[in-house]
Amino acid sequence: MITLALSKGRILDEALPLLAAAGIELAEDPEKSRKLIIGTDRADVRIVLVRASDVPTYVQHGGADLGVVGKDTLLEHGGDGLYQPLDLRIAACRMSVAARADFDYANAVRQGSRIRVATKFTQIARDHFADKGVHVDLIKLYGSMELAPLTGLADAIVDLVASGNTLRANHLVEVESIMQISARLVVNKAALKLQREPIRRLIDALGAAVEGRDAGASCGTPLEARA
Ligand SMILES: Nc1ncnc2c1ncn2[C@@H]1O[C@H](COP(=O)(O)OP(=O)(O)OP(=O)(O)O)[C@@H](O)[C@H]1O
Ligand SMILES: O=P(O)(O)OC[C@H]1O[C@H](OP(=O)(O)OP(=O)(O)O)[C@H](O)[C@@H]1O
């Protein structure tokens, strides 16, 4: 049996078409069911539903053989015991620094001021500001980061940005992009040794599904617009 960990919401929504293209259909709709273990049309593959931030933990400790997880979550957790064979290019967004329009971030950086930064992504933020040589006081939050600069809790935030709608709705501006983010397939290293053939086949099928989807998406796009 191969166990794949997924989280409900955007990862599940965007992973399902890839799984289908790789020949795996879920036996029931996870958004409608309260079940946490969902079978598939393949007797040797099952899905476990966990919180997005728990996916690396499940895979690292063998609660699942594989998982789909955002690069942000993976960097925060650390990659110990995990093999990362595929960028699935789903749940795409970027990690950015944002602040109120009246906070002069560039000037604060230039002056060497200490900046108060609120974020759920403390590891990524710490590494980013250390690389830049910027002094920061990090304030750990678990959600609604956008509120922090509006209430005076922080000068800036480090958060995920996709359309930019959340920042705009809260009158914040993106002042620096840290990195592009997308979801990765992660595999338990020990499981890969023990079940090499079936797991390898699944990785290859998902890799082909990603390539097929992206080749299909670029068909019909004018050549000059293709990346
Ligand atoms: N607005 C967005 N657009 C596209 N991808 C996103 C967006 N926000 C987050 N993501 C990506 O999707 C992943 C899963 O996000 P999701 O909102 O489902 O879980 P979460 O709320 O961050 O996790 P948890 O429930 O464990 O706190 C994130 O880790 C990130 O990689
Ligand atoms: O640029 P946008 O398209 O507005 O997307 C960015 C928002 O998406 C994520 O939140 P999400 O919707 O996942 O809510 P959550 O963090 O509360 O789960 C992220 O934390 C931002 O708030």
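Rules used throughout
Residues numbered from 1 in each chain as written. Chains lettered and ligands numbered in written order. Predicted model: local features only at pLDDT ≥ 70, side-chain atom pairs only at ≥ 80, totals over all residues. UniProt positions renumbered as here; feature names shortened; annotations may be inferred. Near = placed C-beta within 6 Å. Helix = DSSP H or I, 4+ residues; strand = E, 2+ residues; numbered from the N terminus. Nonpolar A, V, L, I, M, F, W, Y, C, P; charged D, E, K, R; others polar. Domains from an automatic or database assignment. Contact = placed C-beta atoms within 7 Å. Expected span 1.5 Å × (residues − 1). Pairing = 2+ DSSP bridges. Axes fitted to C-alpha atoms, helices over the stretch in contact; angles between N-to-C directions. Buried ≥ 20, exposed ≤ 12 C-beta atoms within 10 Å, placed from the backbone. Arc of directions from axis to C-beta.

Under an unreviewed UniProt entry, the chain has the name ATP phosphoribosyltransferase and belongs to Piscinibacter koreensis. Listed under Function (unreviewed entry) in UniProt, the entry text for the chain is "Catalyzes the condensation of ATP and 5-phosphoribose 1-diphosphate to form N'-(5'-phosphoribosyl)-ATP (PR-ATP). Has a crucial role in the pathway because the rate of histidine biosynthesis seems to be controlled primarily by regulation of HisG enzymatic activity." According to its UniProt record, the chain has this under Catalytic activity (unreviewed entry): "1-(5-phospho-beta-D-ribosyl)-ATP + diphosphate = 5-phospho-alpha-D-ribose 1-diphosphate + ATP".

Honestly, the site of ligand 1 in this entry has me stumped. Any pointers?
The full set close to ligand 1 counts 17 residues, and Gly-9, Ala-52, Ser-53, Gly-70 and Ala-162 are the nearest of them. Counting only elements with at least two residues in the shell around ligand 1, the list comes to α1 (10-21) and α3 (71-77). Residue classes in the shell around ligand 1 are distributed as nine nonpolar, five polar and three charged. Summarising the domain contributions, the shell around ligand 1 has at least three residues from each of domain 1 (2-91 + 182-225) and domain 2 (93-180).

Looking at this structure, I do not really get the domain arrangement of the chain. What am I missing?
As assigned here, the chain comprises domain 1 (2-91 + 182-225) and domain 2 (93-180). Between the C-alpha centres of domain 1 and domain 2 there is a distance of 30 Å. In this complex, domain 1 contributes five residues to the contact, which on the side of domain 2 involves seven residues. Partitioned by chemical class, the residues of the side of domain 1 that touches domain 2 number two nonpolar, one polar and two charged.

Explanation requested: helix α9 (residues 196-218) in the structure shown.
Given 3.6 residues per turn, any residue in an α-helix points the same way as the ones three and four places further on. In this model, α9 (23 residues) spans 33 Å end to end at C-alpha, consistent with the 33 Å of a helix rising 1.5 Å per residue. Looking at the packing, one finds that the buried side of α9 touches β1 (2-6), α1, β4 (66-70), β5 (82-87), β11 (183-188) and α8 (189-194).

In this structure, what is going on with the site of ligand 2? I would like to understand it.
As a structural note, the neighbourhood of ligand 2 is formed by Gly-143, Asp-159, Leu-160, Val-161, Ala-162, Ser-163, Gly-164, Asn-165 and Thr-166. Contributions of two or more residues to the shell around ligand 2 are made by β9 (156-161) and α7 (165-169). Examining the composition of the shell around ligand 2, we find that three residues originate from one element, β9, more than from any other. Within the shell around ligand 2, the residues separate by chemical class into three nonpolar, five polar and one charged.

Would you explain the sheet that holds strand β8 (residues 136-140) in this entry?
Either a parallel or an antiparallel arrangement is found when strands of a sheet pair, and the pairing is made through backbone hydrogen bonds. Taken in spatial order, the five strands of this open sheet run β8-β7-β9-β6-β10, and their pairing is mixed. Two strands bound the open sheet, and with one partner strand each, they are β8 and β10 (172-181). Pairwise comparison of adjacent strand axes, ignoring direction, gives a mean angle of 30 degrees for this sheet. On top of the sheet, helix α5 (residues 122-132) reaches β6 (93-100), β7 (115-119), β8, β9 and β10; it is set at about 175 degrees to β8, its chief contact.

How should I be thinking about α1 in this particular structure?
Compared with the 16 Å implied by 1.5 Å per residue over 12 residues, the 18 Å span of α1 between its first and last C-alpha is a close match. Residues of α1 that are buried include every one of Ile-11, Ala-15, Leu-18 and Leu-19, and no others. The buried side chains of α1 occupy one side of the element, clustering within an arc of 100 degrees when seen end-on. Within two residues after α1, Gly-23 carries a phi angle of roughly 90 degrees, on the positive side.

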